[in-house]
Amino acid sequence: MTQRIAIVTGANGGLGESMCKALIGQGRKVIGTYVPGHDAAATSWQEKMKQQGFDIIIKAVDVSDYDACKRMLEEVESSEGSVDILVNNAGITRDAPLKKMQPDQWQAVIQTNLNSMFNMSQPIFEAMCSRGWGRIVNISSLNGQKGQFGQANYSAAKAGIYGFTKAIAQEGAKKGVTVNSISPGYIDTPMVRKVPENVLNSIVAGIPVGRLGQPEEIARAVVFLTADEAGFITGSNVSVNGGQYMA
């Protein structure tokens, strides 16, 4: 069988790296995207991954820019082949209480965390449907489910992912294309570890399993939803949050 090609956006972040490794372990050829202007760091990360036995192709793309996404996807299809799996993982935060939040903070998060879902999915969705196979996984968040103080922009964007996922899941269902979302809770990544210790301790105290999640636990959910055998799962959300929010 031809090796399936997977794209992971935000590949060189804490979650993205684990997703890339897990997909390679699943037998996929993986292309990871990173933010333009960070070429040296991305190349260094790619080399680190290669030394660990994970051969990842990297591409710079601004996921908030539709035309840039379309060009990058066309380049991938020209050089590597048709994209079979897309993991929309890239995301940012620009936190502030609503009364202090500036329009640019709102727009940046909506464009990167929500508009990117359309920008990356739309150019390849019809081709997936035509071929009769595809897997799209959109990374949402615990805070898209329950909301979070100071994250009106982030919570709105992540909540919007659920509607987007369910809508296009219906469009692809009879054509072999599944579309699902994953909602991570608080995961042990460098970003989370930057939170002040007293705040982090308070967060962990509110997680029933009593610890932060590990990036590999999110990656396992990605592998599950993108498996060849996962064709009967679509329009679903998988919460991976240690029981912190039970919907």
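This is a predicted model, so every value here is computed, not measured. (Residues numbered from 1 in each chain as written. Predicted model: local features only at pLDDT ≥ 70, side-chain atom pairs only at ≥ 80, totals over all residues. Heavy atoms only, no water.)

Caption draft 1: Layout of the nonpolar core. Ranked by size, the top nonpolar core spans 26 residues in total, and within it Ile 7, Met 120, Phe 125, Ile 136 and Val 179 carry the most contacts. Going through the elements one at a time, strand E1 (5–8), helix H3 (66–79), helix H4 (103–131), helix H6 (152–172) and strand E6 (177–184) are the ones with two or more residues in this core. Ranked by the residues each element gives to this core, the list is headed by H4, at six residues. Setting aside its immediate chain neighbours within four residues, Met 120 contacts Ile 7, Thr 9, Val 63, Cys 69, Met 72, Leu 73, Leu 86 and Asn 88. By size, the runner-up hydrophobic cluster in this structure holds 25 residues, among which are Ala 11, Ala 42, Ile 56 and Ile 218. (Core = buried A, V, L, I, M, F, W, Y, C linked by side-chain atoms within 4.5 Å. Buried < 20%, exposed > 50% of the residue type's maximum accessible area, 1.4 Å probe, protein only. Helix = DSSP H or I, 4+ residues; strand = E, 2+ residues; numbered from the N terminus. Contact = heavy atoms within 4.5 Å.)

Caption draft 2: Spatial organisation of the UniProt feature "domain: Ketoreductase" (unreviewed entry) in the protein. Taking the numbering used here, the UniProt-annotated feature "domain: Ketoreductase" (unreviewed entry) corresponds to residues 4–185. In residues 4–185, the share of helix is 52% and the share of strand is 18%. The end C-alpha atoms are 29 Å apart. (UniProt positions renumbered as here; feature names shortened; annotations may be inferred.)

Caption draft 3: Representation of the layout of surface pockets within the structure. There is about 1,500 Å³ of room inside the largest pocket. Lining of the largest pocket is provided by 49 residues; of these, Gly 91, Ile 92, Thr 93, Tyr 154 and Met 191 occupy positions nearest its centre. Mapped onto the lining of the largest pocket, the elements with two or more residues apiece are helix H1 (14–25), strand E2 (29–34), H4, helix H5 (142–146), H6, helix H7 (190–193) and helix H8 (197–205). Across the lining of the largest pocket, the residue classes tally to 23 nonpolar, 21 polar and five charged. (1 Å grid on protein atoms, 1.4 Å probe; cavity = no way out; pocket = protein on both sides within 12 Å on 5 of 7 lines; lining within 4 Å. Points joined across faces, edges and corners; volume = space filled by probe spheres on them. Nonpolar A, V, L, I, M, F, W, Y, C, P; charged D, E, K, R; others polar.)

Caption draft 4: Structural detail: the sheet that holds E2. Pairing is parallel across the open sheet formed by seven strands, whose spatial order is E3-E2-E1-E4-E5-E6-E7. Lying at the two open borders of the sheet, with one neighbouring strand each, are strand E3 (57–60) and strand E7 (237–240). Strand-to-strand, the axes of this sheet are offset by a mean angle of 20°, without reference to chain direction. Pairing of E1 with E2, which is carried by four bridges, proceeds in the parallel orientation. Among the inter-strand pairings, Val 8 is bridged to a residue of E2, identified as Gly 32. Against the sheet, helix H2 (residues 39–51) makes contact with E2 and E3, and its axis sits at roughly 165° relative to E3, the strand it touches most. (Pairing = 2+ DSSP bridges. Axes fitted to C-alpha atoms, helices over the stretch in contact; angles between N-to-C directions.)

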